[in-house]
Amino acid sequence: MSSSTLTPMQRYAAGALFGLALHQAHIHQTCPLGFPSDEEDRISNGSSNDSVSDDPQLWVHESSGLLRPIFKFLEIDKKAWSGLEETAGSSSPKHHVGALLRSLSVSEEGAESSSEAEDKELDLAKAIDAMASSMERTSHNVSKKEKQCEYEHKCREKLSLADTQSRSEVENTTNVENHQEKSKKPSSIEQAHLESVSGFDEKPVEEASTLEYSRKVNVLYQLFSACLALSSEESKKYTQRRGYDARHRVALRLLATWFDVKWIKVEAIETTIACSAMALKEEELKEQSRSPKSSLAKWKRRGIIGAAAVTGGTLLAVTGGLAAPAIAAGFGALAPTLGTLVPVIGASGFAAVAGAAGSVAGSVAVAASFGAAGAGLTGSKMARRIGDVDEFEFKAIGENHNQGRLAVEVLISGLVFKEEDFVRPWEGQHDNSERYVLQWESKNLIAVSTAIQDWLTSRLAMELMKRGAMMTVIKTLLTALALPATLLAMTDFIDSKWAIAVDRSDKAGKLLAEVLQKGLQGNRPVTLVGFSLGARVIFKCLQVLSESENTSGLVERVVLLGAPIAIKNMNWEAARKVVAGRFVNAYATNDWMLGIAFRASLLTRGLAGIQPVDVPGIENVDVTELIDGHSSYLWATQKILDLLELDAYYPVVLSRVAL
């Protein structure tokens, strides 16, 4: 049952907007905003020649299960569903967004009184704003930044090459600022909004600005609830759907951009529903243990049966076993996020949240229909599942665990000198996902990292650096004939260790794919970020997922940093299709250490870690000015992620491929 604060016409407009956003997100998978507009026009025009019903690969096709459950939840007349799908899949959004935004602001005769509906929406918006404010405060930790600076100083002191050790902190900061200034995509969020909705016609933007903020929040709240709505019968029909689909989250990102609503407000919507549901679910479990027969009546009398029994079940399904600790601990476990908001939101705010969550009743599937695994990531040791992999373990980092976060990040180091290097590069990051680092094959990674570092500090390597040899990979390492025979001979001792590490990274990637397919992350959208061989683990994971069925909704975003991955003959296109949102390849043209270690493929296949990947949908970002050498990724990763602004729907930094 949908919320009574949205009229039938408004629910129709909300469903239509979501359909348009979903199809545009699909187009942007291979043609992100900021890439040549004529390519996007070509794709759009191509899709308009055929009926949506004839192309089951489209996200808006009935078989995907991504749109029709949304329409059903919003109680849109079933006769209109096919037309909405055709409009979403064959029309440019600029022809419809303005009119649909106007429809969202129009009230209908006979609907709930305008003032009462507005009061409920204001209360809901107040609750969401309070949650967003709390999340913003907890995400900025000064001590974390200090620890990160300390780690960077420690790494630089130990690992920086002789010719970069003298670089002052001021120069380094200046380089970062210059890189940001030079690389930043010139368009602001408003310009990206214009590009995505209407070219250079500002009317839809004006329509969005006149729509009440509280109405935007309510629409996003209802659409998010609808994204979780899948009945037992529908879950059997739509086998491609499971839990909170990454493609839905990407569409919500675009819709928030069209609404000019900050993404953290959508994260607050996710967390508000999740936290209230977990707390209420814990109370329900207590009630059932006391008196199972009277439990249902008690919840009905309280008026929050939907939020607790149904939305709580959804949350358990979406988060899998990772929600269980918070439910078991009760409301107190949520105090850092939800409990502190009680005096801020007040009774009316919580009533609005409970009422909106309660509207999910009757539509959202129970936990079993999502097929949620109960194991969770933390402590999941999968060693020896695939031959020769001796270590594969997830470790939780950050404060967002058991806090109702409905997105997961897996962070993977691939250059490791000590065990702490699996964790320390990621500690300074502040976002609102539930975050895990993957510790894998530490023995082999430490061995190859140390071998390379030993070579770099050898007399021959230092002499070559002093002469300025091979400091620009693109100009020299890509032509391996330029490498002196003595240099190649000196690197022979690295090869055996490197070959083993590469082999283990590929096997670890297969294990990671298995984890995601089994839903140990709780069927929540996943972001994968890795540097060096960690990036290779991710890429292999994507390759495996691309060969399996029903994996399109698992991965939301991917960032590869200094990736030792050949460009040719690696089927980057297939890997890209597995990722619903942004896919970033960050490279450094001066990373000759990576070039030497991976030199066997350089002559004919290229290398993603030192040059762009010319594949539609891959964002290539040149981070040369932030990287002194391959080991720089240990401390520069956070700066690069800040530069990328991953929460933005569209690419912020682009290094265009020269064709």
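For clarity, every value in this text was computed on a predicted model and none was experimentally measured.

Conventions used here
- Residues numbered from 1 in each chain as written.
- Predicted model: local features only at pLDDT ≥ 70, side-chain atom pairs only at ≥ 80, totals over all residues.
- Heavy atoms only, no water.
- Phe/Tyr/Trp six-rings, centres within 6.5 Å; stacked < 30°, edge-to-face > 60°.
- Helix = DSSP H or I, 4+ residues; strand = E, 2+ residues; numbered from the N terminus.
- Buried < 20%, exposed > 50% of the residue type's maximum accessible area, 1.4 Å probe, protein only.
- Axes fitted to C-alpha atoms, helices over the stretch in contact; angles between N-to-C directions.
- Left-handed = near helix turned anticlockwise from the far one by under 90°.
- Contact = heavy atoms within 4.5 Å.
- Pairing = 2+ DSSP bridges.
- Salt bridge = Lys/Arg side-chain N within 4 Å of Asp/Glu carboxyl O.
- Arc of directions from axis to C-beta.
- Core = buried A, V, L, I, M, F, W, Y, C linked by side-chain atoms within 4.5 Å.
- Domains from an automatic or database assignment.
- Polar contact = N/O pair within 3.5 Å; in protein donor to acceptor, adjacent residues only side chain to side chain.
- pLDDT = per-residue confidence, 0-100.
- Patch = residues over 30% accessible without salt bridge, like charges linked within 9 Å, V, L, I, M, F, W, Y side chains within 5 Å.
- Areas by Shrake-Rupley, 256 points an atom, 1.4 Å probe, with all protein chains shown as cover.
- Lys, Arg positive; Asp, Glu negative; His and termini not counted.
- Charge placed at Lys NZ, Arg CZ, Asp CG, Glu CD.
- Parallel < 35°, antiparallel > 145°, perpendicular 65-115°, else oblique.
- Nonpolar A, V, L, I, M, F, W, Y, C, P; charged D, E, K, R; others polar.

*Asks:* I'd like to hear about the packing of aromatic side chains, residue by residue, with values.
*Replies:* Applying the stated rule across the entire model yields 6 aromatic pairs. Their ring planes at 45° and their centres at 6.3 Å tell us that Phe-71 and Trp-81 sit as a pair that is tilted. On the criterion of sequence distance, the pair formed by Phe-71 in helix α3 (residues 68-73) and Trp-81 in helix α4 (residues 81-90) is long-range, its members being 10 residues apart. Here Phe-71 and Trp-81 have matching classes, each one buried.

*Asks:* Which residues make up the packing of helix α1 (residues 8-28) against helix α5 (residues 97-105), and what are the values?
*Replies:* Their axes nearest at 8 Å, the elements α1 and α5 cross at an angle of 150°. α5 is crossed by α1, and the crossing has left-handed handedness. In this structure, α1 contributes Met-9, Gln-10, Ala-13, Ala-14, Ala-16, Leu-17 and Leu-20 to the contact, and α5 contributes Val-97, Leu-100, Leu-101, Ser-103 and Leu-104.

*Asks:* Outline the sheet that holds strand β4 (residues 526-531), supporting the account with residue identities and numerical values.
*Replies:* Pairing in this open sheet of 7 strands is mixed, and the strands run β1-β3-β2-β4-β5-β6-β7 from one edge to the other. In this open sheet, the two edge strands, each paired with only one partner strand, are β1 (392-397) and β7 (618-622). Averaged over neighbouring strand pairs, the angle between their axes works out to 20° when direction is ignored. Taken together, the 5 bridges between strand β2 (residues 408-412) and β4 define a ladder with parallel strand orientation. Each bridged residue has a counterpart across the sheet, and for Ile-412 the counterpart in β4 is Gly-530.

*Asks:* Before we move on, can you summarise the pattern of salt bridges with the specific residues and values?
*Replies:* What the rule picks out here adds up to 25 salt bridges. Ionic pairing is found between Lys-639 and Glu-152, a salt bridge with its closest N-O pair at 3.1 Å. Placement of the pair is Lys-639 in helix α30 (residues 633-644) and Glu-152 in helix α7 (residues 142-159), with a sequence separation of 487 residues. Residue Asp-647 is joined to Arg-253 by a salt bridge in which the shortest nitrogen-to-oxygen separation is 3.6 Å. With Asp-647 in the segment after α30 and Arg-253 in helix α14 (residues 246-259), this residue pair connects regions lying 394 residues apart in the sequence. A relative accessible area of 35% places Asp-647 in the partly exposed class. One continuous salt-bridge network, built from bridges that share partners, spans Arg-249, Arg-253, Glu-270, Glu-409, Arg-435, Glu-556, Arg-557 and Asp-647.

*Asks:* An account of α30 is requested, with residue identities and associated values reported.
*Replies:* Of all 12 residues in α30, 10 are buried, a share of seventy percent or more. Regarding α30, the residues found buried are Tyr-633, Leu-634, Trp-635, Ala-636, Thr-637, Gln-638, Ile-640, Leu-641, Leu-643 and Leu-644.

*Asks:* Could you give an account of α4, with specific residues and numbers?
*Replies:* Burial in α4 covers these residues: Trp-81, Leu-84, Glu-85, Ala-88 and Gly-89. The arc that holds the buried residues of α4, viewed along the axis, is 120°, so those residues lie on one side.

*Asks:* Before we move on, can you summarise the nonpolar core with the specific residues and values?
*Replies:* Core analysis: the largest hydrophobic core is formed by 165 residues, its most contacted members being Phe-392, Trp-440, Leu-528, Leu-542, Leu-560 and Trp-572. Domain assignment of the residues forming this core places at least three in each of domain 1 (8-36 + 52-107 + 120-134 + 202-279) and domain 2 (370-644).

*Asks:* I'd like a description of the environment of Asn-218, backed by residues and values.
*Replies:* By secondary structure assignment, the location of Asn-218 is in helix α12 (residues 213-227). With 51 residues separating them along the chain, Asn-218 and Ile-269 place their C-alpha atoms 9.6 Å apart. Non-local contacts of Asn-218, meaning those with residues more than four positions away in its chain, are made with Thr-5, Leu-6, Glu-121 and Leu-124. At 2.7 Å, the side chain of Asn-218 and the side chain of Glu-121 are in polar contact.

*Asks:* Tell me what's going on with the confidence of the model for the protein chain, and back it up with residues and numbers.
*Replies:* Taken residue by residue, the protein chain gives an average pLDDT of 73. The fraction at 70 or more is 61%. Within the model, pLDDT remains below 50 along residues 37-48, and this stretch shows 14 contacts once partners closer than five positions in the same chain are excluded. The model gives residues 198-202 a pLDDT under 50, and that stretch makes 6 contacts with residues more than four places away or in other chains.

*Asks:* Lay out a negative patch on the surface in plain terms, naming residues and giving numbers.
*Replies:* A surface patch of like charges, here negative, comprises Glu-116, Glu-118, Asp-119 and Glu-212. Mapping Glu-212 onto the fold places it in the loop between α11 (203-210) and α12. Owing to a relative accessible area of 57%, Glu-212 belongs among the exposed residues under this scheme.

*Asks:* Can you break down the packing of α1 against α4 residue by residue, with the values?
*Replies:* In helix packing, the relevant descriptors are the interaxial angle and the interaxial distance, both defined with respect to the helix axes. Across the interface, α1 lies against α4 with an axial gap of 8 Å and an inter-helix angle of 40°. The orientation of α1 relative to α4 falls into the category oblique. Between α1 and α4 lies a crossing whose hand is right-handed. Residues Tyr-12, Ala-16, Gly-19, Leu-20 and His-23 of α1 form the contact with α4, whose participating residues are Leu-84, Thr-87, Ala-88 and Gly-89. Here the residues of the contact of α1 with α4 sort into 5 nonpolar, 4 polar and no charged.

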